[in-house]
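Letter by letter, the chains look like this.
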Amino acid sequence: MRIDLHTHSDRSDGTDSPTELVENAARAGLDVVALTDHDATVGWDEAQAAADRVGVRLVKGLEISTQLQGKSVHLLGYEVDPTHGPLLAELQRVLDGRDNRLPLILERLGTLGIELTVEDVARWSGNAAASGRPHVADALVEKGVVANRDEAFDRLLKPGRPAYVDRYAAPLHEAVRLVRDAGGVAVVAHPWSRGSDRVMTPDAIAELAGLGLAGLEVDHNDHDEDQRARLRALAADLDLAVTGSSDYHGTGKIGFPLGCHTTDPEQAERLLPGITS
Ligand code: AMP
Ligand code: FE
Ligand code: FE
Ligand code: ZN
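Quick caveat, the model's predicted, so the values are computed rather than measured. Just so you know, the residues in each chain are numbered from 1, in the order the chain's sequence is written. All chains are assigned letters beginning with A, and all ligands numbers beginning with 1, in the order in which they are written. Where local features are concerned, this predicted model is filtered to residues with pLDDT of at least 70; where side-chain atom pairs are given and counted, the filter is 80 or more; whole-chain, interface and lining totals use all residues. Note that water and hydrogens are dropped before the side-chain values are worked out from all heavy atoms of the structure.

Chemist: Would you mind showing me how to read the coordination of the zinc ion (ligand 4) here?
Modeler: In an ideal octahedron of six donors the angles at the metal are 90 or 180 degrees, and in an ideal tetrahedron of four donors they are 109.5 degrees. Distances up to 2.8 Å from the metal define which N, O and S atoms are donors, and 3.2 Å serves for Na, K and Ca; water is absent from the atom set, so sites may look incomplete. Within the protein, the zinc ion (ligand 4) binds to His6 (NE2), His8 (NE2), Glu63 (OE) and Asp247 (OD); these donor distances fall in the range 2.0 to 2.2 Å. In short, tetrahedral needs four donors with all angles between 85 and 135 degrees, square planar needs four and octahedral six donors with opposite donors over 155 degrees apart and all other angles between 65 and 115, and whatever is left is irregular. Taken together, the 4 donor atoms coordinating the zinc ion (ligand 4) span angles of 80 to 170° at the metal, a pattern that classifies the geometry as irregular. Positions of the donor residues of the zinc ion (ligand 4), expressed as sequence spacing, correspond to H-x1-H-x54-E-x183-D. In this model, the zinc ion (ligand 4) sits 4.7 Å from the iron ion (ligand 2). With His8 in the loop between β1 (3–7) and α1 (18–27) and Asp247 in the loop between β8 (241–244) and α10 (265–271), this residue pair connects regions lying 239 residues apart in the sequence. Taken as a pair, His8 and Asp247 share a single burial class, namely buried. Helix and strand assignments come from DSSP, with helices taken as H or I runs of at least 4 residues and strands as E runs of at least 2, each series counted from the N terminus. Relative accessibility under 20% of the residue-type maximum defines a buried residue, over 50% an exposed one, and the middle range a partly exposed one, all with a 1.4 Å probe and only protein chains included.

Put into structure tokens, the structure is as follows:
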């Protein structure tokens, strides 16, 4: 049984519609796929209809943009109540932060002599809940400024680069509480990617486990073998489930195909009872 618990559609910064994503999941031989768009649940209904049609099991999830001590950390929430008021309010704050940041990024690019308009970006974020840096990157590719999203981040958009602008992110502890309050299951996505190991120490992860965190995403392209071994040991110590997933973004992320990492069925069952039956 092949289970991929982290993917994105064009409702955030993936390039497949929710329907295409689920069809591609079936084609990739997945039995279970979780749709986990950034800060949004708007793709769920379309994905469910496609899943019913092609016979793939859909897990309804999202990936919340959070921060711990100012460092970005992503939190996966599975099967939350999408109408839970406090959760919705916090997600809206993140989405508004992303949209409100866009003109500031474009201003920075302008001072670098790169002319990009809100409309240029909107062509790439048309189906998305908000316009994020990946959509800016797509517009930069279209203009021929960079070759792909990765180059856009490396040269311009990531922290420390000239067009980087910060935005609101939910406090991590608060986000874990909200996922739990909304009846969902919380798993930290790629806990040690992009230098977040500085804040996601074993003690910090233990504290989150005390708040009801259920698992750690261990098998992910952003982690090397040594990190995976250490995260696995930590999860065992804290009795947390471990997951593996692709973090698929369609053509938006090179080298992250559907099912490139999968979750052991026993571990998936710990998080989502009945999912493998
Ligand atoms: P935003 O939330 O709008 O700031 O954009 C964050 C998203 O951009 C993340 O969820 C990733 O999908 C993508 N991203 C972040 N950093 C990088 C990077 N260094 N290289 C490529 N993609 C990145
Ligand atoms: Fe993303
Ligand atoms: Fe992420
Ligand atoms: Zn992701």
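Chemist: What's the story with the site of ligand 1 in this structure? I'm lost.
Modeler: A cutoff of 4 Å decides nearness: a residue is near a molecule or strand if any of its heavy atoms lies inside that distance of it. In the neighbourhood of ligand 1, 13 residues make up the surrounding shell, with His38, Arg98, Arg101, Arg133 and Arg167 lying closest. Throughout this description, a polar contact denotes any pair of N or O atoms lying within 3.5 Å of each other; where both atoms belong to protein, one of them has to be capable of donating a hydrogen while the other can accept it, and for residues adjacent in sequence the pair is counted only when both atoms sit in side chains. The side chain of Asp13 places a nitrogen or oxygen atom 2.9 Å from an oxygen atom of ligand 1. Surface accessibility in these figures is a Shrake-Rupley result with a 1.4 Å probe; residues are shielded only by whichever protein chains are displayed. Its free accessible area being 500 Å², ligand 1 has 89% of it covered by the protein chains. Cavity and pocket criteria rest on a 1 Å grid covering protein atoms alone: a 1.4 Å probe that fits but cannot get out defines a cavity, protein on both sides within 12 Å along at least 5 of 7 lines defines an open pocket, and an atom within 4 Å of a point defines a lining residue. Cavity and pocket membership follows a simple rule, namely that a molecule belongs there if more than half of its atoms are within 2 Å of the grid points. Of all the cavities here, the one that holds ligand 1 is the largest pocket.

Chemist: Would you explain the coordination of the iron ion (ligand 2) in this entry?
Modeler: Here the iron ion (ligand 2) is held by the protein donor atoms Asp13 (OD), His38 (NE2) and His249 (NE2), which lie 2.1 to 2.2 Å from it. Between consecutive donors of the iron ion (ligand 2), the numbers of intervening residues give the motif D-x24-H-x210-H. Between the iron ion (ligand 2) and the iron ion (ligand 3), a separation of 5.5 Å is found. Placement of Asp13 in the loop between β1 and α1 and of His38 in strand β2 (residues 32–38) is noted, with a sequence separation of 25 residues between them. Each member of the pair, Asp13 as well as His38, is classed as buried.

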